[in-house]
Amino acid sequence: IVVDESLLKTYAGVYEEDGVERLVGLENGKLYYQRIGANKMSMKPYARDKFFFENTAVIGEFKRDARNNIIALELSNKRGISRSILRRTDKTIGP
């Protein structure tokens, strides 16, 4: 599946769970996920708002509110067992 870069940009931001921040960023037209201080993981789309994390058993689904804004990223394993929900923050990705 090919996702337009304008849609990919809507996913980029800082997400948080239990005070721990994670980044979802866009580089060279590809989305990545990164825990602070860890390596970036490439995210490959398989449906609208749904991504596989390359070389892992993790999938991510971006959740939207009634106004169609991204509000969270739910992470689970490929069997669909929910692992965590990362809430989107108002923080921006720094330099």
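Since the structure is predicted, the reported quantities are computational estimates derived from the model, not experimental observations. Within each chain, residues carry numbers counting from 1 in the order of the written sequence. In keeping with the predicted nature of the model, local features appear solely for residues at pLDDT of at least 70, side-chain atom pairs appear and are counted solely at 80 or more, and the whole-chain, interface and lining totals rest on all residues. Note that the side-chain values use all heavy atoms of the structure and ignore hydrogens as well as water.

A.B. asks: Would you explain the sheet that holds strand β5 (residues 50–53) in this entry?
C.D. replies: Within a beta sheet, neighbouring strands are joined by backbone hydrogen bonds and run either parallel or antiparallel to one another. Paired strands are those between which DSSP finds at least two bridges. Runs of E in the DSSP output that reach at least two residues are strands. Runs of H or I that reach at least four are helices, and both are numbered from the N terminus. Spatially, the eight strands close up into a barrel ordered β1-β2-β3-β4-β5-β6-β7-β8, and their pairing is antiparallel. Taking each pair of neighbouring strands and ignoring which way they run, the sheet shows an average axis angle of 30°. Axes here refer to lines fitted to C-alpha atoms; in helices the fit is confined to the stretch in contact. Angles between the N-to-C directions go from 0 to 180 degrees.

A.B. asks: Could you clarify how one ought to interpret the environment of N39 in this entry?
C.D. replies: Looking at the element boundaries, N39 is found in the loop between β3 (30–35) and β4 (41–47). Contacts are assigned to residue pairs that have any heavy atoms within 4.5 Å of one another. Apart from residues no more than four positions distant in its own chain, N39 is found in contact with Y33 and Q34.

A.B. asks: Explain the packing of aromatic side chains to me, please; I cannot follow it from the model alone.
C.D. replies: Think of a pair of aromatic rings as described by two things: how far the centres are apart, and how the planes are tilted against each other in angle. Side-chain rings of Phe, Tyr and Trp (the six-membered ring for Trp) are treated as a pair once their centres are within 6.5 Å; stacked means planes under 30 degrees apart, edge-to-face means over 60, and tilted covers the remaining angles. In this structure the tally under the stated criterion is six aromatic pairs. Relative to F62, the ring of Y11 lies with its centre 4.3 Å away and its plane at 20°, an arrangement referred to as stacked. Taken together, the positions of Y11 in helix α1 (residues 5–11) and F62 in strand β6 (residues 58–64) put the pair 51 residues apart, joining distant regions of the chain. Here Y11 and F62 have matching classes, each one buried. Among the aromatic residues, those joined into a ring-pair cluster are Y11, Y15, F51 and F62. Note that K40 overlies the ring of Y32, its terminal NZ or CZ placed 4.5 Å from the centroid. Each residue's exposure class comes from its accessible area (1.4 Å probe, protein chains only) as a fraction of the maximum for that residue type: buried when under 20%, exposed when over 50%, partly exposed otherwise. We count a charge as sitting over a ring when the NZ of a lysine or the CZ of an arginine lies within 6 Å of the ring centre and within 35 degrees of the ring normal.

A.B. asks: For this particular structure, what's the right way to read unusual backbone geometry?
C.D. replies: Phi angles above zero are rare outside glycine, and D18 is one such case at about 50°. Along the chain, D18 falls in the loop between β1 (13–17) and β2 (20–27). We classify D18 as exposed; its relative accessible area is 75%. Its identity is not glycine, yet N68 carries a phi of approximately 75°, on the positive side. Tracing the chain through its elements places N68 in the loop between β6 and β7 (70–77).

A.B. asks: How should the nonpolar core be read in this particular structure?
C.D. replies: The tendency in soluble globular proteins is for nonpolar side chains to be buried side by side. For the purposes of this section, nonpolar cores are sets of buried Ala, Val, Leu, Ile, Met, Phe, Trp, Tyr and Cys residues that join through side-chain atoms within 4.5 Å. Ranked by size, the top nonpolar core spans 16 residues in total, and within it Y11, V24, L31, Y33, M43, F62 and L73 carry the most contacts. Of all the secondary-structure elements, those providing two or more residues to this core are α1, β3, β5, β6 and β7. Setting aside residues up to four positions removed in sequence, Y33 forms contacts with R22, L23, V24, N39, K40, M41, M43, F53, L73, L75 and L86.

A.B. asks: I keep staring at the side chain of S84 and nothing clicks. Help me out?
C.D. replies: On the secondary structure map, S84 appears in strand β8 (residues 82–88). Apart from the residues within four sequence positions on either side, S84 is in contact with E17, L73, E74 and L75.

A.B. asks: So what exactly am I meant to see when it comes to the environment of R87 here?
C.D. replies: Relative to the helices and strands, R87 is located in strand β8. Distance in space between the C-alpha atoms of R87 and Y46 is 22 Å, their sequence separation being 41 residues. Other than its neighbours up to four places away in sequence, R87 contacts V14, Y15, E16, I71 and A72.

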